[in-house]
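# Architecture and fold: a report
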Amino acid sequence: MKNVIFISPNFPTNYWQFCRELKSNGLNVLGIGDQPYDELMPELKESLNEYYKVNSLEDYDEVYRAVAFFTFKYGRIDFIESNNEYWLEQDAKLRTDFNIKTGFQEKDLPRIKYKSKMKKYYEKAGIPVARYHLVDSEKNCLKFIAKAGYPVIVKPDNGVGASHTYKLENDEDLTSFFAEKEADVSYIMEEFINAEINSYDAIIDSHGNPIFETGNCTPISIMDSVNYGDDAIFYIEKNLSEDVQEAGRATIKSFGVKSRFVHFEFFRLLSDHEGIGKKGTVMALKVNMRPCGGFTPDMINYARETNVYKIWADMVAFDKTEKEIGGYHYCGFAGLRDYKDYILTHEEIMEKYGDNLKMTGRLPDALSAAMGNKIYMATFDTKEELDTFFKDLLETK
């Protein structure tokens, strides 16, 4: 029997489903988390063979001892994963220290965590990238801006999501950024790209072949959602476009990805961009070596009438899947803000879109900055219906 350790199986709250499917495949599922066992969801308790509580998942020595305990009790660990970008580096260190080969090692981290180092692997795959400058002095940044022009985007070179991301429009913004930026954070500055985000989401086997593929589109900037408290909308594509699929598969090979659920982000140009391409060109943004965040796996399930938790667990257990796709729909996500006065009330949304809605509720504070406070997910068969849904929900008084 394979031994699988799942790090932080209780957060995000939907990740217990990965554990359920692992256990249903006959694997020995061992959880490590910082929440008391008695406080775990009943469904998660039933999905674990054993749970080890640590005082803090941030304490590597404590997590190391938990893995060592499971190794002593159950034998060699075959797979260790959190499917969470926050723990990506720790997962890799644990695999390296315990000689677990089914996943990224410490030596692999630079190319998968640092946005500046990702670029050469995108270029190796033949995918255009934005010009960039690693932030050092204000003088050198001005030299880069003289070439790229304003606006520029500045964000942590090694960062999760869109937090601490800035759009600088002029020299005054640049000076303010230098006055406010965190001293111990390395930042990357990139030319601004007028584009929407298209993603490639896939589950990849141990040979680097995708066994499931889909994608989503984000027409509103996640950066604006985080920094300015804007509404958040995105949707799972009804059909993955051929150019994004090609770019995704090329990225898998270039980065040497195996045995993972991934979320690769690409820009699709909304206008011609000198040095990159014409409107509609697909270019690199960043790789995320984990599933798309929050409840997106559930959205994929609704859009495809399938179960990606099961497909991922099949990859871990059997390196293949027999799980079928039951349909092809758009699945839209709308994240609304508490402070805004929307035209439609919750009751009116439920009345109008009740047959389409798959999930509603509130997001925890850890996710609400990027995704909104109140969420609505719904499926549609046409893009026109999806666009109307977004328009109705986001319209304010």
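Quick caveat, the model's predicted, so the values are computed rather than measured. (Residues numbered from 1 in each chain as written. Predicted model: local features only at pLDDT ≥ 70, side-chain atom pairs only at ≥ 80, totals over all residues. Heavy atoms only, no water.)

Moving on, we come to the sheet that holds strand β2 (residues 28-33). If you walk across this open sheet you meet the four strands as β3-β2-β1-β4, and the pairing is parallel. Each edge of the open sheet is held by one strand with a lone partner, namely β3 (50-53) and β4 (79-81). In this sheet, adjacent strand axes meet at a mean angle of 15° when their direction is disregarded. Pairing geometry for β2 and β3, over four bridges, is parallel. (Pairing = 2+ DSSP bridges. Helix = DSSP H or I, 4+ residues; strand = E, 2+ residues; numbered from the N terminus. Axes fitted to C-alpha atoms, helices over the stretch in contact; angles between N-to-C directions.)

With that out of the way, let us pick up the environment of Lys113. For Lys113, the location among the structural elements is in helix α5 (residues 109-113). On the basis of relative accessible area, Lys113 is assigned to the buried category, the value being 5%. For the pair Lys113 and Asn158, spaced 45 residues apart in sequence, the C-alpha separation works out to 5.7 Å. With residues up to four places along the chain from it excluded, the contact list for Lys113 reads Glu85, Leu88, Glu89, Met118, Asp157 and Asn158. (Buried < 20%, exposed > 50% of the residue type's maximum accessible area, 1.4 Å probe, protein only. Contact = heavy atoms within 4.5 Å.)

To find leftover empty space, one rolls a probe the size of a water molecule over the atoms. Inspection of the entire model under this criterion finds two cavities of 30 Å³ or more. Put simply, the largest cavity is a space of about 50 Å³. In terms of lining, the largest cavity is formed by Phe234, Gly293, Gly294, Phe295, Thr296, Met299, Phe333, Leu363, Leu367, Met371 and Ile375. Where the lining of the largest cavity is concerned, the elements lending two or more residues are α11 (296-304) and α14 (365-371). Of the residues belonging to the lining of the largest cavity, the class tally is eight nonpolar, three polar and no charged. (1 Å grid on protein atoms, 1.4 Å probe; cavity = no way out; pocket = protein on both sides within 12 Å on 5 of 7 lines; lining within 4 Å. Points joined across faces, edges and corners; volume = space filled by probe spheres on them. Nonpolar A, V, L, I, M, F, W, Y, C, P; charged D, E, K, R; others polar.)

Of all the positions in helix α8 (residues 171-180), only Leu174, Phe177 and Phe178 are classed as buried. Relative to the axis of α8, the buried residues are bounded by an arc of 95° and lie together on one face. Set apart from the buried face of α8 by more than 90 degrees, the exposed residues are Glu172, Ala179 and Glu180. Considering only its buried residues, α8 is in contact with α7 (138-148), β6 (152-156), β7 (166-168) and β8 (187-191). Looking at where α8 begins, the residue whose side-chain oxygen comes 3.2 Å from the main-chain nitrogen of Glu172 is Asn170. (Arc of directions from axis to C-beta. Polar contact = N/O pair within 3.5 Å; in protein donor to acceptor, adjacent residues only side chain to side chain.)

A separate point is the nonpolar core. Leu22, Ile203, Trp312, Val316 and Phe333 are the most contacted members of the largest nonpolar core, which has 40 residues in total. For this core, the elements supplying multiple residues, two or more each, are β1 (3-7), α1 (16-24), β12 (232-236), α11, α12 (308-318), β15 (330-336), α14 and β17 (374-380). At eight residues, the largest contribution of residues to this core is made by α12. Apart from residues no more than four positions distant in its own chain, Ile203 is found in contact with Asn209, Pro210, Ile211, Phe212, Arg260, Phe261, Val308, Ile311, Trp312 and Met315. Core analysis: the second largest hydrophobic core is formed by 26 residues, Phe104, Phe264, Ala284 and Val287 among them. (Core = buried A, V, L, I, M, F, W, Y, C linked by side-chain atoms within 4.5 Å.)

In the structure shown here, the tally under the stated rule is 30 aromatic pairs. Where Tyr15 meets Phe18, the ring centres are 5.0 Å apart and the plane angle is 85°; that geometry is what we call edge-to-face. For Tyr15, a relative accessible area of 3% corresponds to the buried category. Considering the side-chain rings of Tyr353 and Phe380, the 6.0 Å spacing of their centres and the 85° angle between planes classify their relative orientation as edge-to-face. Of this pair, Tyr353 sits in helix α13 (residues 346-353) while Phe380 sits in strand β17, and the two are 27 residues apart along the sequence. By relative accessible area, Tyr353 is classed as buried at 6%. Given a relative accessible area of 4%, Phe380 falls into the buried group. (Phe/Tyr/Trp six-rings, centres within 6.5 Å; stacked < 30°, edge-to-face > 60°.)

This part covers the packing of α13 against helix α15 (residues 383-394). Where α13 contacts α15, the two axes come as close as 11 Å, and the packing angle between them is 165°. The angle between the axes of α13 and α15 places the two elements in the roughly antiparallel class. As for the relative orientation of α13 and α15, their crossing is right-handed in sense. Where α13 abuts α15, its residues Ile349, Lys352 and Tyr353 lie against Thr388, Phe389, Asp392 and Leu393. (Parallel < 35°, antiparallel > 145°, perpendicular 65-115°, else oblique. Left-handed = near helix turned anticlockwise from the far one by under 90°.)

Moving on, we get to the pattern of salt bridges. Applying the stated criterion across every chain, the model contains 22 salt bridges. Residue Lys167 is joined to Glu169 by a salt bridge in which the shortest nitrogen-to-oxygen separation is 4.0 Å. For Lys167, a relative accessible area of 28% puts it in the partly exposed group. The class of Glu169 is partly exposed, set by a relative accessible area of 42%. Lys352 is paired through a salt bridge with Asp392; the nearest N and O atoms lie 2.6 Å apart. (Salt bridge = Lys/Arg side-chain N within 4 Å of Asp/Glu carboxyl O.)

Counted residue by residue, β2 has six buried out of six residues, so it is predominantly covered. In terms of strand pairing, β1 meets β2 through five bridges, oriented parallel. Bridging across to β2, Phe6 finds its partner in Gly31. Taken together, β1, α1 and β2 constitute a β-α-β crossover, and its handedness is right-handed. Note on the crossover from β2 through helix α2 (residues 42-47) to β3: the handedness is right-handed. (Right-handed = clockwise from strand over helix to strand, strands pointing away.)

With that settled, consider α11. In terms of burial, α11 is largely enclosed, as eight of its nine residues are buried. When we look at burial in α11, the residues that qualify are Thr296, Pro297, Asp298, Met299, Ile300, Asn301, Ala303 and Arg304. Just beyond α11, the residue with positive phi is Glu305, at close to 50°.

So, to be careful, I would describe these as geometric facts and stop short of saying anything about function.
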